[in-house]
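If you want the building blocks of each chain, they are given just below.
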Amino acid sequence: MAERPVSTSPAGGGPLREGEWVRLSDSKGRKHNIQLVAGLEFSTKKGQLRHDDIIGRPEGVVLESSMGGQYQVFRPLLSEYVVSMPRGAAIIYPKDAAHIVTMADIFPGARVVEAGAGSGSLTVYLLRAVGTEGHLGSYEMREEFAEIARRNVEQIVGPGHPAWTLTVGDVREVVTETEIDRLVLDMVDPWTCVPLAVERLVPGGIVCAYVATTTQLSLFVETLRADGGFTEPVAWETLQREWHLEGLAVRPDHRMIGHTAFIAMARRMAPGERSLEKTRRPAPGAYGPDYAGPRPPGLDAGGPETS
């Protein structure tokens, strides 16, 4: 049997096949992701749906359960699949993955290193972006997390993706890539990877960190500033709110996906070049005696710049 072509989307096209995931939704908007297995049934509040009635059908059909409940059937979009995939570590939500891919300018053919594969959600987005001509090296310290990430990624792209390697180990100790276009850090202490970024990022390359707390964000940004070999870091968070749409009742939804993490990034200067120093004075007390972290060049504890 010919191997299935490498795909980076759950939406593979054609009739629904055994082993694939499908997304069921009812008239009230309730959604369920199930993996198709011949002979099995899926139980709902309105009776059973036979997997055999789904396998071989096209996407977009409406099926009726044993008690008359109706369900639309589609392959899940990647953004729908990753939020329900099996997890070891927490996932990177689609809203954040979109910003990382876009703002870090992950392009076809890019050489990317991902430190912290987690459950594999960002990995798939990165593989989509680099394509088969690029390379993504994912590093995960915990073997059990790496195995979950491998299974999740292969569920979407299939085994043996030509652009992907997954390594169990500390990226700071076992990284093999030498010229990196993008370094994406999803780890507790990304500031400890700044020396790696200095050594391996090509001039103009981007280091991007995904962190949950303001303390982590500050340490990462100030470590980049103290090094001097990176452009002025930028940081942001994204908030996602859907809208209620019904005739004239168009308003923001009451629920939203609020803070998940901060994203921070900077670009690598050419060897021997230092980033231009900021001409704007720091805010009063920003680097005062209570601040114990790294300091930008020219700022000393208790000096006149911090008063």
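A brief look at the structure comes next.

### Notes on the overall build of the protein chain
Then, number 1: For the protein chain, the count of helices and strands is seven helices and 15 strands.
Then, number 2: When contacts within the protein chain are restricted to residue pairs at least 6 apart in sequence, long-range pairs at least 24 apart make up 61% of them.
Then, number 3: Total accessible area on the protein chain is roughly 16,200 Å²; 54% of this is exposed by carbon and sulfur atoms.
Then, number 4: Charged side chains of the protein chain number 32 positive and 39 negative; the gap between the two group centres comes to 6 Å.

### Observations regarding the packing of aromatic side chains
Geometrically, a pair of aromatic rings is defined through the distance of the ring centres and the angle of the planes.
Then, number 1: The final tally for this structure, using the stated rule, is two aromatic pairs.
Then, number 2: On the basis of an interplanar angle of 65° and a centroid distance of 5.9 Å, the ring pair of Trp 21 and Tyr 81 is categorised as edge-to-face. Here Trp 21, found in strand 1 (residues 21-25), pairs with Tyr 81, found in helix 1 (residues 78-82); they are 60 residues apart in sequence, far enough to count as distant.
Then, number 3: The exposure class of Trp 21 is partly exposed, given its relative accessible area of 22%.
Then, number 4: When its relative accessible area of 4% is taken as the criterion, Tyr 81 is described as buried.
Then, number 5: Judged by centre distance (5.3 Å) and plane angle (90°), the ring pair of Tyr 287 and Tyr 291 falls under edge-to-face.
Then, number 6: Residue classification places Tyr 287 among the buried residues on the basis of a relative accessible area of 8%.

### A few points about the state of the cysteines
Then, number 1: Under the criterion given, the structure shown has zero disulfides.
Then, number 2: Cys 193 takes part in no disulfide bond, and the closest cysteine sulfur to it belongs to Cys 208, at a distance of 13 Å.
Then, number 3: Judged by relative accessible area, Cys 193 falls into the buried class, the value being 0%.
Then, number 4: Judged by relative accessible area, Cys 208 falls into the buried class, the value being 2%.

### Overview of the side chain of Ser 121
Then, number 1: Tracing the backbone shows Ser 121 in helix 3 (residues 121-130).
Then, number 2: Given the relative accessible area of 3%, Ser 121 is considered buried.
Then, number 3: In terms of polar contacts, Ser 121 uses its side chain to reach the backbone amide nitrogen of Ile 92, at 3.0 Å.
Then, number 4: Setting aside residues no more than four positions away along its own chain, Ser 121 makes contact with Val 82, Met 85, Ile 91 and Ile 92.

### Here's the deal with the side chain of Thr 44
Then, number 1: Its location among the elements puts Thr 44 in strand 3 (residues 41-44).
Then, number 2: What makes Thr 44 buried here is its relative accessible area of 17%.
Then, number 3: At 2.7 Å, the side chain of Thr 44 and the backbone oxygen of Gly 47 are in polar contact.
Then, number 4: A polar side-chain atom of Thr 44 sits 3.2 Å from a polar atom in the side chain of Tyr 71.
Then, number 5: For Thr 44, the residues in contact, after removing those within four places along its chain, are Ser 65 and Tyr 71.

### A short note on the environment of Gly 88
Then, number 1: Topologically, Gly 88 is positioned in the loop between helix 1 and helix 2 (94-103).
Then, number 2: Along the sequence, Gly 88 and Phe 145 sit 57 residues apart, while their C-alpha atoms lie 5.3 Å from each other.
Then, number 3: When near neighbours in sequence (up to four residues on either side) are disregarded, Gly 88 contacts Ser 119, Phe 145 and Ile 148.

### Some remarks on a nonpolar patch on the surface
Then, number 1: The grouping of Trp 243, Leu 245 and Val 250 at the surface amounts to a nonpolar patch, some 340 Å² of accessible area in total.
Then, number 2: Using a relative accessible area of 44% as the deciding quantity, one classes Val 250 as partly exposed.

### Let's talk about unusual backbone geometry
Then, number 1: A positive phi angle, near 55°, is found at Asp 105, a position not held by glycine.
Then, number 2: For Asp 105, the position within the fold is in the loop between helix 2 and strand 7 (111-115).

### What to know about the pattern of salt bridges
Then, number 1: According to the stated counting rule, one finds 18 salt bridges in the structure shown.
Then, number 2: Between Arg 17 and Glu 20 there is a salt bridge, with the nearest N and O atoms lying 3.3 Å from each other.
Then, number 3: On the accessibility criterion, Arg 17 (31% relative accessible area) is partly exposed.
Then, number 4: By relative accessible area, which is 7% here, Glu 20 ends up buried.
Then, number 5: What you see here is one network of salt bridges that share partners, running through Arg 17, Glu 20, Glu 59 and Arg 75.

### Things to note about the sheet that holds strand 12 (residues 234-236)
Then, number 1: Read across the sheet, seven strands follow the order 9-8-7-10-11-15-12 without closing on themselves; strand pairing throughout is mixed. Only two strands of the sheet have a single partner each, and these edge strands are strand 9 (164-168) and strand 12. Adjacent strand axes in the sheet meet at a mean angle of 15°, parallel and antiparallel pairs treated alike.
Then, number 2: Where strand 11 (residues 201-211) meets strand 15 (residues 262-267), six bridges bridge the pair, whose relative direction is antiparallel. Bridging across to strand 15, Ala 209 finds its partner in Ala 264.
Then, number 3: Helix 4 (residues 143-157) contacts strand 8 (135-140) and strand 9 of the sheet and is inclined by roughly 160° relative to strand 9.
Then, number 4: Across the sheet, helix 7 (residues 214-227) touches strand 10 (180-185), strand 11, strand 12 and strand 15, and the angle it forms with strand 15 is around 5°.

Cut-offs applied
Residues numbered from 1 in each chain as written. Predicted model: local features only at pLDDT ≥ 70, side-chain atom pairs only at ≥ 80, totals over all residues. Heavy atoms only, no water. Helix = DSSP H or I, 4+ residues; strand = E, 2+ residues; numbered from the N terminus. Contact = heavy atoms within 4.5 Å. Areas by Shrake-Rupley, 256 points an atom, 1.4 Å probe, with all protein chains shown as cover. Lys, Arg positive; Asp, Glu negative; His and termini not counted. Charge placed at Lys NZ, Arg CZ, Asp CG, Glu CD. Phe/Tyr/Trp six-rings, centres within 6.5 Å; stacked < 30°, edge-to-face > 60°. Buried < 20%, exposed > 50% of the residue type's maximum accessible area, 1.4 Å probe, protein only. Disulfide = S-S within 2.5 Å. Polar contact = N/O pair within 3.5 Å; in protein donor to acceptor, adjacent residues only side chain to side chain. Patch = residues over 30% accessible without salt bridge, like charges linked within 9 Å, V, L, I, M, F, W, Y side chains within 5 Å. Salt bridge = Lys/Arg side-chain N within 4 Å of Asp/Glu carboxyl O. Pairing = 2+ DSSP bridges. Axes fitted to C-alpha atoms, helices over the stretch in contact; angles between N-to-C directions.

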